[in-house]
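# Fold and contact review
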Amino acid sequence: MTATVPPAPSENPIPDPAGRVELPPGAVLTDARFVNDDLLPVPLARRRWTMYNFTALWVGMAHNIPSWLLASGLVALGMDWKQAVFTIALANVIVLAPMLLTGHAGPKYGIPFPVLARASFGLRGANLPAMIRAGAACAWFGIQTWIGGQGIFVLLGKLFGGWAEASEVGGQPWTLWVCFVLFWALELAIIYRGMEALRRFENWAAPFVIVGALVLLVWVANKAGGLGPLLDQPSKLGWGADFWPVFFPSLMGMIAFWSTLSLNIPDFTRFGAGQRAQVWGQTLGLPTTMTLFALLSVFVTSGSQAVYGAAIWDPVQLAAKTDNVFGLLFALVTVLVATISVNIAANVVSPAYDLANLAPRFITFRTGALITGVVGVVIMPWKLTETPELYIFTWLGLVGGLLGTVAGILIADYWIVRRTRLDLTDLYTPGGRYWYTSGWNVHAVVAFAVGGVLAVGGSHSAPGKGPFPQDGLIPFLKPLADYGWAVGLAASLVVYVALTAGRRRV
């Protein structure tokens, strides 16, 4: 079937006070290869997310166990708490810029990330960045679910006892696997109800998780009689020659933590009431929350060192120190809400849309969510978080480099080449202006290849610390590997603009 549209100049839509665009009245898009209900633009009447909704979304996503553990990972690499918090704060200010730039298309056109990618990569080519983003999200979903399952296991084990001594299956107690599977099922049950259910969940989850984190701080500070000696510990790296080789790859790793969302943020902003809502909501929600959460993790860990004689960076392990049944139950609910909040929003929504874009005729948003859940288990997430080197340098660095490359192309196409002007109907129409060569834009593929090779071609690992050669996959590119996200974004942006010079168009 082919998409048919009544004669209406979609380049010149009826003006909306907020500058938003929707499909022309009576437009019919029926090509099942590129259209289903989940991929179509959100009608103006349904774009009603406010600044609070976006702020709550980020508060709910940022307050999670892996975010809490970011500072501990950096301290484990030799930084003091000030260096760790500074690195996290700077990374989130930097990643906010592409987040706002790609997020602009959401409120204006009501389209998700894979449909936006059709403008630059082509109707078929958009599956390339969509599958890269989906793969990263599936892995993140597995990691978050595993960590959440571990939290439930620890706290329930404290309540009922004996869980850790259960017989092992695959190297782990069978009770841990049960917690992992139950938590996995709960997440998918919530997202299966759709985006409106997610919006309502995030609205109350955000303040609940903040209260939970503050309760943990008050509790440990009360037991410690104040904060402990961790805040006085000097950096093992100093601020000289030993610091910068750790700082830059760590900065790129911290950027990579949310670089996934810098691509698919239109999946959320497409429901926005206007640009003001998404810009202010994200600005208030992301860098401030991540920085304050990093500080909170440092303060709580400092108190734990004063109380227990050793720094306990994991909030679940710390909460398990209490013998108060109510306190344990509260901590259990907080871990559940915090992990579900980030995992569904950050790691299920995107691949659900991305997989739907791959085969709209067969895969809906809900089907894509279920596939994400299965893949997130198959990739064995417990292996990705075994060491800080593997987690920060290898996993986050590699993912960040590739996602930065895609972000550079999206930003170049939408802002520099097209000046934010898109033809909505052609984004769903084979043979239209975004069809390029059999559905692929060769310029975008070339820019992605160049940026990707420069960003991750020099990936390297210390002996015994990761999967890459010590001298890098491509040795002469090794110096660029520590700046993968920035190199990928800048290189792909420049190459794409150069290749499309003089072709600025809708």
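The structure presented is a predicted model; accordingly, all values stated were derived computationally and were not measured. (Residues numbered from 1 in each chain as written. Predicted model: local features only at pLDDT ≥ 70, side-chain atom pairs only at ≥ 80, totals over all residues. Heavy atoms only, no water.)

## Here's the deal with the overall build of the protein chain
Heads up, the rule is: Helical segments are the DSSP runs of H or I of at least four residues, strand segments are the runs of E of at least two, and each set is numbered from the N terminus. Whether a residue is buried, partly exposed or exposed follows from its accessible area with a 1.4 Å probe, protein chains only, as a fraction of its type maximum: under 20%, in between, or over 50%, in that order. The contact criterion used throughout is that any non-hydrogen atoms of two residues lie within 4.5 Å. For the area figures, the Shrake-Rupley method with a 1.4 Å probe applies, and any residue is considered shielded solely by the protein chains shown.
When you go through the protein chain residue by residue, the secondary structure sums to 19 helices and 2 strands. Buried residues in the protein chain amount to 59% of all 506 residues. Long-range contacts, defined as pairs at least 24 residues apart, comprise 82% of the intrachain contacts of the protein chain with a sequence gap of at least 6. Carbon and sulfur atoms form 67% of the exposed surface of the protein chain, whose accessible area is close to 19,200 Å².

## Comments concerning the nonpolar core
This is how the line gets drawn: In this description, a nonpolar core means a group of buried Ala, Val, Leu, Ile, Met, Phe, Trp, Tyr and Cys residues linked to one another through side-chain atoms lying within 4.5 Å.
Residues Met 61, Leu 155, Trp 258, Leu 261 and Phe 268 are the most contacted members of the largest nonpolar core, which totals 107 residues. Ignoring any residue separated from it by four or fewer positions in sequence, one finds Leu 155 in contact with Val 316, Ala 319, Ala 320, Leu 328, Ala 331, Leu 332 and Val 335. By size, the runner-up hydrophobic cluster in this structure holds 21 residues, among which are Leu 39, Leu 123, Ala 356 and Tyr 428.

## As for the side chain of Arg 133
Filter applied, for reference: Only four residue types enter the tally: Lys and Arg on the positive side, Asp and Glu on the negative side; His and the chain ends are excluded. For this analysis, a salt bridge means a side-chain nitrogen from Lys or Arg found within 4 Å of a carboxyl oxygen belonging to Asp or Glu. Polar contacts, as used here, are pairs of N or O atoms within 3.5 Å; protein pairs need one atom able to donate a hydrogen and one able to accept it. Residues neighboring in sequence count only if both atoms are side-chain atoms.
Within the secondary structure, Arg 133 sits in helix H6 (residues 127–160). One buried charged residue, Arg 133, remains without a salt bridge, the closest side chain of opposite sign being Asp 354 at 5.4 Å. Within the local environment of Arg 133, its side chain forms a polar contact with the side chain of Ser 350, the two groups lying 3.5 Å apart. With near-sequence residues (within four places) excluded, Arg 133 lies in contact with Phe 113, Thr 260, Leu 261, Leu 263, Asn 264, Ala 346, Ser 350, Asp 354 and Leu 403.

## Some remarks on H6
A turn of α-helix holds 3.6 residues, and therefore any two residues three or four places apart point the same way. Where we set the bar: Residue count minus one, scaled by 1.5 Å, sets the expected span of a helix.
If you check H6, its first and last C-alpha atoms are 47 Å apart, about what 34 residues at 1.5 Å a residue would give, namely 50 Å. Extensive coverage of H6 is indicated by the burial of 25 of its 34 residues. One or two steps after H6, the chain reaches Gly 161, where phi turns positive at roughly 75 degrees.

## A look at the side chain of Asn 36
Inspection of the secondary structure assignment puts Asn 36 in the segment before helix H1 (51–62). A distance of 3.1 Å separates a polar atom in the side chain of Asn 36 from the backbone nitrogen of Leu 39. At 3.1 Å, the side chain of Asn 36 forms a polar contact with the backbone oxygen of Ile 363. If we skip the residues at most four places from it in the chain, Asn 36 touches Ala 356, Pro 360, Ile 363 and Thr 364.

## Quick notes on the packing of H6 against helix H7 (residues 174–191)
Rules: Only the stretch in contact is used when fitting a helix axis, every axis being a line fitted to C-alpha atoms; angles between N-to-C directions are given from 0 to 180 degrees. An angle below 35 degrees is treated as roughly parallel, one above 145 as roughly antiparallel, one from 65 to 115 as roughly perpendicular, and anything else as oblique. A crossing counts as left-handed when the near helix is turned anticlockwise from the far one by less than a right angle, and as right-handed when that turn is clockwise. Under the grouping applied here, Gly and all other residues not named as nonpolar or charged are polar, the nonpolar ones being Ala, Val, Leu, Ile, Met, Phe, Trp, Tyr, Cys and Pro and the charged ones Asp, Glu, Lys and Arg.
The contact between H6 and H7 brings their axes to 8 Å, and the two run at 125 degrees. Comparing the axis directions of H6 and H7 gives the class oblique. Crossing angle aside, the handedness with which H6 passes H7 is right-handed. Contacts from Phe 141, Gly 142, Gln 144, Thr 145, Trp 146, Gly 148, Gly 149, Gln 150, Ile 152, Phe 153 and Leu 156 in H6 reach Thr 175, Leu 176, Trp 177, Cys 179, Phe 180, Phe 183, Trp 184, Glu 187 and Leu 188 in H7. Of the residues contributing to the contact of H6 with H7, the split by class is 12 nonpolar, 7 polar and 1 charged.

## A look at the pattern of salt bridges
Here the structure, examined in full by the defined rule, presents 4 salt bridges. Between Arg 33 and Asp 31 there is a salt bridge whose closest N-O contact spans 2.8 Å. Relative accessible area serves as the criterion here: at 1%, Asp 31 is assigned to the buried category. Of the charged contacts in the structure, one is a salt bridge between Arg 433 and Asp 426, with a shortest N-O distance of 2.9 Å. Judged by its relative accessible area of 32%, Arg 433 is partly exposed.

## Overview of empty space enclosed by the protein
Definition in use: A cavity, in this analysis, means grid points on a 1 Å lattice covering only the protein atoms where a 1.4 Å probe fits yet has no way out; a pocket is instead an open set bounded by protein on both sides within 12 Å along at least five of seven lines, and a residue lines either one if it has an atom within 4 Å of a point. Grid points are joined across faces, edges and corners, and a volume is the space filled by probe spheres set on the points.
Scanning the entire structure with this criterion turns up 1 cavity of 30 Å³ or more. Empty space within the largest cavity amounts to approximately 60 Å³. Lining of the largest cavity is provided by Trp 140, Gln 144, Phe 257, Trp 258, Thr 260, Leu 261, Val 342, Ala 346 and Asn 347. Of all the secondary-structure elements, those providing two or more residues to the lining of the largest cavity are H6, helix H9 (244–264) and helix H13 (325–347). Examining the composition of the lining of the largest cavity, we find that 4 residues originate from one element, H9, more than from any other.

## Let's talk about the packing of aromatic side chains
What counts is decided by this rule: Only Phe, Tyr and Trp rings are paired, with Trp represented by its six-membered ring, and only when their centres lie within 6.5 Å; those with planes under 30 degrees apart are stacked, over 60 edge-to-face, the remainder tilted.
Summed over all chains, the structure comprises 19 aromatic pairs. When the centroid spacing of 5.0 Å and the interplanar angle of 90 degrees are considered together, the rings of Trp 58 and Trp 258 count as edge-to-face. Pair noted here: Trp 58 is in helix H1 and Trp 258 is in helix H9, with a separation of 200 residues, a long-range link. Judged by relative accessible area, which is 2%, Trp 258 ranks as buried. One aromatic cluster is present, formed by Phe 86, Trp 239, Phe 243, Trp 244, Phe 247, Phe 248 and Tyr 483 through successive ring pairs.

## Regarding helix H5 (residues 113–121)
Across the 9 residues that make up H5, a large majority, 9, are buried. Taken residue by residue, H5 has Phe 113, Pro 114, Val 115, Leu 116, Ala 117, Arg 118, Ala 119, Ser 120 and Phe 121 as its buried positions. Backbone geometry just after H5 places Gly 122 at a positive phi near 100 degrees.

## A few points about the confidence of the model for the protein chain
Worth spelling out the cut-off: What pLDDT expresses is the predictor's confidence in each residue, scored from 0 to 100.
Looking at the protein chain, the pLDDT average stands at 81 and 89% of residues meet or exceed 70. In the predicted structure, residues 1–12 sits below a pLDDT of 50 and forms 29 contacts with residues beyond four places in sequence or in another chain.

## Quick word on the packing of H1 against helix H11 (residues 275–308)
It is the contact of H1 with H11, at a shortest axis distance of 7 Å, that shows an interaxial angle of 25 degrees. One way to sum up the angle between H1 and H11 is to call them roughly parallel. By crossing handedness, the relation of H1 to H11 is classed as right-handed. Of H11, the residues touching H1 (which contributes Met 51, Phe 54, Thr 55, Trp 58, Val 59 and Ala 62) are Ala 277, Gln 278, Trp 280, Gly 281, Gln 282, Leu 284, Gly 285, Leu 286, Thr 289, Met 290 and Phe 293. Classifying every residue of the contact of H1 with H11 by side-chain character gives 11 nonpolar, 6 polar and no charged.

## Some thoughts on unusual backbone geometry
Residue Arg 419 is not a glycine yet carries a positive backbone phi of 55 degrees. The residue Arg 419 is located in the loop between helix H16 (388–417) and helix H17 (442–456) in this model. The phi dihedral of Ser 438 is positive, around 55 degrees, even though this residue is not glycine. With respect to the helices and strands, Ser 438 occurs in the loop between H16 and H17.

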